[in-house]
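Letter by letter, the chains look like this.
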Amino acid sequence: MWAEILFGLIMYRLVRRFLYDDDILEVETSDSNALFSVADRLEKLYGGKAYVGLRIPDADTATRQNIDLVLLTTKGEAVVVSVKNLAGFVLINADGTWVCETKNKTQTLPDPVEETRKQASILESYLEQRGILLPHGYLSCKVILPNPKCCTIQSSSFPSEVITYDQWVQLKPEAKGLFSGWIKGAFRGGKKETQESIQQNLSFILSTAPVWDRLELRGNKYVLGEFLEFKGKQEDLQALRNIKRSKVSRLIIQKTSMLGLAHSRLQVLYTPRDYRNEGASASEWKELGVRSSTEVLFQPQNSTKVRKFKFSSIVSMSLSA
């Protein structure tokens, strides 16, 4: 009997180790997941492109301003979006700060709408430095609360820039009052050619603007942050020696062979960085092989702890320039 119990425990640990990577279970990815989920839904609803995880240089403070996402729609709209993945009862204080209350804690946040307006102003200055002078009011702002566990108290007291969860789930492409009205006072009277030129220039600059590095993990999970280095056997590190952000923009990790329950080696596809083009053709991909135990050291956004991710838990990694 005891032998059966011991055998069961050993098998449980083996299965957990090889089929469920502890790196994935350990890291809180809910905020990044919510961010990418919002970006994906906005693109499907309104077309265009969502630029996620921007780090825009702020000349006044000599720092970088984090922007959750900027949406450029097919109708010529440009929106700075802040995603607040809040869970609990949310209300607004008289001074504009927000309070999120749960059973275990109370969290106070600076006014998210004001913060998003500041982000839009910094982005506008950055665009001007790169040669785009936007018409007054071209950029608009929104704060989205996508968490189904978020309950707003006195929703009518929230600014019009806020999309509550109830409003978020009701958004439709044809909805006039929730999305099309985001651009208040925007440049709508200009020539079509001028608007198209602005959108093209915006698209190019945002696609080449500084962003966070990005890990896509198995199980449709994401982590934004900064890639630090690889860890592993010397042979594998030697194979990875050319994977540097100055040379490589993206890696895709694929499983190749099986050894018992574990994949012994992994195929790594990577594309050389091309500052002229955003994507890469199939012929530009190169490949190498490493052990599945090889690790990525990664510093998640808004975290003081460096995390380790095994290659076996990673689907892809995108590196900023």
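Residues numbered from 1 in each chain as written. Predicted model: local features only at pLDDT ≥ 70, side-chain atom pairs only at ≥ 80, totals over all residues. Heavy atoms only, no water.

### Quick look at the pattern of salt bridges
Step number 1: Scanning the model with the defined rule gives seven salt bridges in all.
Step number 2: Between Arg245 and Asp213 there is a salt bridge, with its nearest N and O atoms 2.7 Å apart. Residue Arg245 is located in the loop between helix H7 (234-239) and strand E12 (248-255), and its partner Asp213 is located in strand E10 (residues 213-217); the two are separated by 32 residues in the primary sequence.
Step number 3: A relative accessible area of 25% places Arg245 in the partly exposed class.
Step number 4: Asp213 gets classed as buried once you look at its relative accessible area, which sits at 2%.
Step number 5: Residue Lys231 pairs with Glu229 through a salt bridge whose shortest N-O separation is 3.9 Å.
Step number 6: Looking at Glu229, the relative accessible area reads 36%, which means it is partly exposed.
Step number 7: Linked through salt bridges whose partners overlap, the residues forming this network are Glu114, Arg117 and Glu161. (Salt bridge = Lys/Arg side-chain N within 4 Å of Asp/Glu carboxyl O. Helix = DSSP H or I, 4+ residues; strand = E, 2+ residues; numbered from the N terminus. Buried < 20%, exposed > 50% of the residue type's maximum accessible area, 1.4 Å probe, protein only.)

### Structural notes on the sheet that holds strand E6 (residues 106-109)
Step number 1: The sheet built from four strands is open, its strands ordered E6-E5-E4-E8 with mixed pairing. Whereas interior strands pair on both sides, the edge strands pair on one side only; in this sheet they are E6 and strand E8 (150-152). Strand-to-strand, the axes of this sheet are offset by a mean angle of 25 degrees, without reference to chain direction. (Pairing = 2+ DSSP bridges. Axes fitted to C-alpha atoms, helices over the stretch in contact; angles between N-to-C directions.)

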